[in-house]
Structure formats: C-alpha cells, structure tokens
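Chains, contacts and geometry: an overview
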Amino acid sequence: ALQGSSLAVRVRMALSRDDDYAGPGKPPCDWDDAEAREALIDALVRDALAALRALDGEELDGVARDAAELLALVAGQDVEEGDDGIFRIARRVARDRVISTVDPEARHGHKSRNRRFDGYKAHLSVDPDSELIDDVVVTPANVHDAEAVDDLLADHVEAEDKPTVMGDSAYAGPDTMAGLEDDGFEVIAKVPPATNRGGRYSKDDFDVDLDAETVGCPAGKVVPIAFAPDGGGRADFGEHCATCPLRERCTTSSSGRSVTIHPREALLQRAKALQATAEWQAAYRSTRPKVERKIAHFVRAGWGARRARTRGRRRVTTDVATRAAAVNWARLASVGLSFIDGRWALAAT
C-alpha cells in the first residue's frame, strides 16, 4: 500500500530482519529448533513494532490504514514480552482472535468440544411446508447460532401473520425466546434438560414454584427463593442437607445443595412443560427432519461442500445465497415448476 513512497522507505529502514517480506509462505527457519522459532518470533514482533513506530503520526487511509491496523492487532494479540525482554507466543487466546491476515473476518469455531473449524457459519431459515430456504445469514465462526435469529427473521418482524419459529436447543436460550415472543413470534425450541455431575439430581428433579416463591427437593424439603434485583434468585437447602439420606445422590458441596433461579425462569418452566406434551413433540418430530434434510441438500450442492470458496464475510454471504438459490430451484423443479407460455407455473397436483 505504501510502495514507492518516502514513507515506505522509512518503514523499510526501521526493519531489522534481512527480509523484504514480499515472499509468500512462512519465513526461512529451522522449525524443528525451538530456539530458532523463538528468535524468529521475537524478530518478527520487533519489526512489526518498528514499522508501526515509523507510521506513528502519519495520516493513512484506505488499504494502508487497514494494513496498519491489522499489523498492530496481529503483533499484539498472540504474543507477550517476557521478563528477559524477549517476545514469545502467549499461553492464552485473545478474545475474538483474528486467525488470518488474508481474511481478517474469519474466526475459530466449534461444533463440539472435539470438532473445530475455521472461517464462517452459514445460518439458514427453512420453510418446512414448501421446503424452500427462506433466508441465509453468514457470521464469523465464533458467533453463537442464536445471534443470527434477528437477521434471519428480519423480513417477518412487521408481518401481521408471523411464522412459528422452530429451532433446536441452540435457539432455546431464555433471552432468545423472550426476544422472539416480544416480537410476536410463537417459538418452538427444545430446551435442553438440566444436568448434574455424576448422575446426581439435576434442577429438573426439584419442584420450582414461582407463585409460592419456593423450591422443593427430592427429599420433600421446601425452602424459599431469595430473589435478586434482576428477577433471578437462589434456593439454599444447606440446613437440610447435613442429615438428608439423599445427600450423596444430590450434591458433593460441603455447604449443601442450592438451586439457581433464572431471571426468566417462568419462561423456561413454561417451555419445558409445553415440550412434554404430545402435540409439541409431534410438531417437532414432523418438522425437524425436513429442515435437517434441506441443510444436507445445501451442504451437498457443490461449491466445495462445507468449504468457503471466497474470503470475507460479504463475498461468502453472496456465495451462500447463490447456493441456497440453486437448492431452491432444484426443489421447485422436483415439484413440477416449468416455464410455459412465457411464465413460470407449478404443475397441478
């Protein structure tokens, strides 16, 4: 970005390594030698800081400004200076870490503890009746699935006849469900069961009575809820746990068992009660396979399957939308869409 300018010459003179930084790939190094790797990291960080000092006070714009900001970020997010003055890779992970200098919007993501990936997430909204993809949203890979909900449903917020929103446990957070209900959507999302270590009693084994403001335990003891200003609270059973015959099946805490009450506990309890009904389960079981099948079609529809073909969220979004359109055309063709007499029409069923 600065090539040929006097500022470029000043930056180059500030660098200490005998490297023009123009070559592709990693710099020369004996990567099996820990001391050589450490020396290279220290030299690269020092050159980055020297370049930034040479740019200090300069008015940069466009590509030059973006490059300087990226250099400052990369030089600081993963390294730290030791007591000996040597810069080393930090034994920590920077929040919202930039993982690529050629695609600064990409991020680390994970589907599970052991299944990780880099790049972006594609979020889909599917109409289960027509089995068409209704909308797509692309986010960096570290964004939680639920954060894309507002964008996926943006076109429906002002509609009088809003669709029912159905999703798995990723969309069953109380704040997410409350926000959707406030916007007028009916929400069917699978609230995951409460868990406890070692197979001990979970919160679901306790009787939370918000009207009486009490919680009952499996041993039959009932204690009041101590509420906090935000509407949440806690029920402590400590005074009953010392002599309780069920203690080993309930808690290992020396102070006894306690149950946390979420600020939106009423919504969670209502959702769990609803999903226990036959009607809810029938609706969920009949709809989810259609959505999962459509996602499978989307992944198989060429374009490198789960691999992005482009860089940058905007271009990846264009690619994802194009793929979704192709999947929709295939669906429409399978139900008899044809071009007859200058117009598109579906075959009579």
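Placed above this text is the structure.
This section reports on the structure supplied with the text.

Each value, and the rule that gives it
- Residues numbered from 1 in each chain as written.
- Predicted model: local features only at pLDDT ≥ 70, side-chain atom pairs only at ≥ 80, totals over all residues.
- Heavy atoms only, no water.
- 1 Å grid on protein atoms, 1.4 Å probe; cavity = no way out; pocket = protein on both sides within 12 Å on 5 of 7 lines; lining within 4 Å.
- Points joined across faces, edges and corners; volume = space filled by probe spheres on them.
- Nonpolar A, V, L, I, M, F, W, Y, C, P; charged D, E, K, R; others polar.
- Axes fitted to C-alpha atoms, helices over the stretch in contact; angles between N-to-C directions.
- Helix = DSSP H or I, 4+ residues; strand = E, 2+ residues; numbered from the N terminus.
- Left-handed = near helix turned anticlockwise from the far one by under 90°.
- Contact = heavy atoms within 4.5 Å.
- Buried < 20%, exposed > 50% of the residue type's maximum accessible area, 1.4 Å probe, protein only.
- Pairing = 2+ DSSP bridges.
- Expected span 1.5 Å × (residues − 1).
- Patch = residues over 30% accessible without salt bridge, like charges linked within 9 Å, V, L, I, M, F, W, Y side chains within 5 Å.
- Areas by Shrake-Rupley, 256 points an atom, 1.4 Å probe, with all protein chains shown as cover.
- Salt bridge = Lys/Arg side-chain N within 4 Å of Asp/Glu carboxyl O.

**Topic: empty space enclosed by the protein**
Per the counting criterion, the structure on display carries one cavity of 30 Å³ or more. Estimates place the volume of the largest cavity at around 100 Å³. Around the largest cavity, the lining is made up of 15 residues, and of these Cys217, Ala219, Cys241, Cys244 and Cys250 lie nearest the centre. Split by residue class, the lining of the largest cavity holds ten nonpolar, two polar and three charged.

**A word on the packing of helix 1 (residues 6–14) against helix 2 (residues 34–55)**
The interhelical angle for the contact between helix 1 and helix 2, taken along N-to-C directions, is 145°, at an axis separation of 8 Å. As for the relative orientation of helix 1 and helix 2, their crossing is right-handed in sense. Where helix 1 approaches helix 2, its residues Leu7, Arg10, Val11 and Ala14 are matched on the opposing element by Ala50, Ala51, Ala54 and Leu55. Residues belonging to the contact of helix 1 with helix 2 are distributed by class as follows: seven nonpolar, no polar and one charged.

**Notes on the environment of Glu35**
Mapped onto the fold, Glu35 is located in helix 2. By relative accessible area, which is 66% here, Glu35 ends up exposed.

**As for the sheet that holds strand 9 (residues 214–216)**
What the three strands build is an open sheet, ordered 8-9-10; its pairing is antiparallel. Sheet topology places strand 8 (207–209) and strand 10 (222–224) at the edges, where each strand pairs with a single neighbour. Pairs of neighbouring strands in the sheet enclose a mean axial angle of 20°, with direction left out of account. In this structure, strand 8 lies alongside strand 9, joined through three bridges in antiparallel fashion. Following the sheet pairing, Asp207 is matched in strand 9 by Gly216.

**A short note on helix 9 (residues 313–334)**
Taking 1.5 Å per residue as the helical rise, helix 9 with its 22 residues ought to reach 32 Å, and the 31 Å between its terminal C-alpha atoms agrees with that figure. Turning to helix 9, its buried residues are Val316, Asp319, Val320, Arg323, Ala324, Val327 and Asn328. Gly336 occupies a position one or two residues after helix 9 and carries a positive phi of about 100°.

**Describing a nonpolar patch on the surface**
Together, Trp329, Phe339 and Trp344 line one region of the surface with nonpolar side chains, adding up to about 400 Å² of accessible area. Its place among the elements puts Trp329 in helix 9.

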